[in-house]
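Read off the chains here:
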Amino acid sequence: MLSETARPFTDIAAPVAEALADGRPVVALESTIITHGMPFPQNAEMAAGVENIIATEGAVPATIAVIDGRLKIGLSAAERAELARAGNAMKLSRADLGFAVSEGRTGGTTVAATMIAAALAGISVFATGGIGGVHKGAETSFDISADLDELARTPVIVVSAGAKAILDIEKTLEVLESGGVPVVAYGTDIMPAFWSRSSRFAAPLRLDDPAAIARFFRTRVALGLEGGMLVANPVPAESEIAEAEMAGHIARAQADATAQGVSGKAVTPYLLGRILELTGGRSLATNIALVENNARLAARIAIALTG
Ligand code: PSU
Ligand code: MN
């Protein structure tokens, strides 16, 4: 599946390569959540935990990152642990993925860059926490994540807990619709909001089982519809933080980011870190629970796709 030109820059871990060659289910995982999304050591524990969940479900996990200029599709436990400790890893999206490879750098891949790598390797399903999207105030800042553009062009199913509630969810849904990206809420009519099970917005589409999601993806491919799709899987009820409570923390974190002049790639990591402080660590427990929940669903979709 890997193109002749990409092969010299890429290392596919043996278990991943074997599963792909045999047509067995594989689930890609991003690594910006490890390098920029969570503090150490919870990031390392989360990264190991989601791989375990995927393996327990019967699929092969492939955490994606760039290490010393190598595009890695699947990390060893040692590589994963080292990445979780690395203080100087870059945050790599479509714009800088090639830079890190060409300059021999190390970085965590965002949703956009992980989709690119997954598609290169022939992996169709990918689990994350929440995608990047249209930031609040984007009408003046123009801060719109490259994740949205990637969803419109790269044929991968991204399983998320919706768009992070630090974003403008309504505008994020509008941009996804403009890009022709199906947004499928799993088992709910309401768009989930990352830390909370529900937002104020209706979900564009709804499906209730992994087989239906796999069928929908295959149908899109058969019809020649390019691009990916977003699955929005609500956080388990026992782990959610109510939307009303999150709204206060988000507004405060947002105001602090503006006061400190935080911009560009630093915005999302800053807001996540500040919200962690404001919730006294509860947002992190919720974040870990929702990623685990997404990994489980992604494995089931990958299994349905290969069945
Ligand atoms: N989900 C999380 N934590 C994260 C991210 C997602 O639970 O840190 C990362 C993803 O890698 C996503 C990125 O692609 O944040 C979006 O960054 P930006 O808004 O700068 O595009
Ligand atoms: Mn941004």
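Each value, and the rule that gives it
Residues numbered from 1 in each chain as written. Chains lettered and ligands numbered in written order. Predicted model: local features only at pLDDT ≥ 70, side-chain atom pairs only at ≥ 80, totals over all residues. Helix = DSSP H or I, 4+ residues; strand = E, 2+ residues; numbered from the N terminus. Rg over C-alpha atoms; globule rule 2.2 N^0.38 Å. Buried ≥ 20, exposed ≤ 12 C-beta atoms within 10 Å, placed from the backbone. Contact = placed C-beta atoms within 7 Å. UniProt positions renumbered as here; feature names shortened; annotations may be inferred. Near = placed C-beta within 6 Å. Nonpolar A, V, L, I, M, F, W, Y, C, P; charged D, E, K, R; others polar. Expected span 1.5 Å × (residues − 1). Arc of directions from axis to C-beta. Pairing = 2+ DSSP bridges.

### Thoughts on the overall build of the protein
- Secondary structure assignment for the protein yields 13 helices and eleven strands.
- Taking 19 Å as the expected radius of gyration for a compact globule of 307 residues, we find that the protein reaches 18 Å, a close match to that expectation.
- Counting only residues that meet the buried cut, the protein has 53% of its 307 residues in that class.
- Relative to all contacts within the protein whose residues are 6 or more apart in sequence, the contacts with residues 24 or more apart total 76%.

### Things to note about unusual backbone geometry
- The amide bond that connects Phe-40 to the next residue, Pro-41, takes the cis arrangement and shows omega of 10°.
- Residue placement: Pro-41 occurs in the loop between α2 (32-37) and α3 (42-57).
- Backbone geometry at Phe-142 places phi at a positive 60°, although glycine is not the residue there.
- With 9 C-beta atoms packed within 10 Å, Phe-142 lands in the exposed category.
- The backbone of Phe-194 shows a phi angle near 65°, a positive value even though the residue is not glycine.

### Digging into the UniProt feature "binding site: substrate" (unreviewed entry) in the protein
- UniProt's entry tags Lys-91, Val-111, Ser-145, Ala-146 and Asp-147 with the feature "binding site: substrate" (unreviewed entry), counted in the numbering of this structure. For this annotated set, covering 57 residues, all C-alpha atoms fall within 13.0 Å of each other, a compact arrangement in space.
- For Lys-91, the position within the fold is in strand β5 (residues 90-92).
- What Lys-91 contacts, discounting residues up to four positions off in sequence, is Thr-32, Thr-35, His-36, Gly-107, Gly-108, Thr-110 and Lys-265.

### Describing the site of ligand 1
- The full set close to ligand 1 counts 19 residues, and Thr-32, Gly-37, Gly-129, Gly-132 and Ser-145 are the nearest of them.
- For the shell around ligand 1, the secondary structure elements donating two or more residues are α2, α8 (146-153) and α12 (267-278).
- Ranked by residue count, the leading element in the shell around ligand 1 is α2, at four residues.
- Within the shell around ligand 1, the residues separate by chemical class into four nonpolar, twelve polar and three charged.

### Some words on helix α11 (residues 243-259)
- Over its 17 residues, α11 extends 24 Å from the first C-alpha to the last, a length consistent with the 24 Å expected when each residue adds 1.5 Å.
- The complete set of buried residues in α11 reads Met-246, His-249, Ile-250, Ala-253, Gln-254 and Ala-257. For α11, the buried positions fall inside an angular range of 140° around the axis, keeping them on one side. Turned more than 90 degrees off the buried face of α11, the exposed positions are Ala-244, Gly-248, Ala-251, Ala-255, Thr-258 and Ala-259.
- Where α11 is buried, its residues contact α12.
- Looking one or two residues beyond α11, the residue adopting positive phi is Gly-261, at roughly 70°.

### Focus on the environment of Ser-141
- Checked against the element boundaries, Ser-141 lands in helix α7 (residues 138-141).
- Note on Ser-141: 14 C-beta atoms within 10 Å, which makes it partly exposed.
- Separated by 124 residues in the primary sequence, Ser-141 and Ala-17 have C-alpha atoms spaced 42 Å apart.

### A few points about the UniProt feature "binding site: Mn(2+)" (unreviewed entry) in the protein
- Mapped onto the present numbering, the UniProt feature "binding site: Mn(2+)" (unreviewed entry) falls on Asp-143.
- Within the secondary structure, Asp-143 sits in the loop between α7 and α8.
- Judged by C-beta crowding, with 19 C-beta atoms within 10 Å, Asp-143 ranks as partly exposed.
- Apart from the residues lying within four places of it in its own chain, the contact partners of Asp-143 are His-135, Ala-138 and Val-267.

### Thoughts on the pairing of strand β9 (residues 183-186)
- Where burial is concerned, the two faces of β9 agree: the one with Val-183 and Ala-185 and the one with Val-184 and Tyr-186 are both buried.
- As paired strands, β9 and strand β11 (residues 229-232) are joined by three bridges and run parallel to one another. In the sheet register, Ala-185 faces β11, and the bridge partner there is Ala-232.
- Inspection of the sheet shows β9 paired to strand β10 (residues 205-207) by three bridges, in the parallel sense. The residue bridging Val-184 from the neighbouring strand is Leu-205, located in β10.

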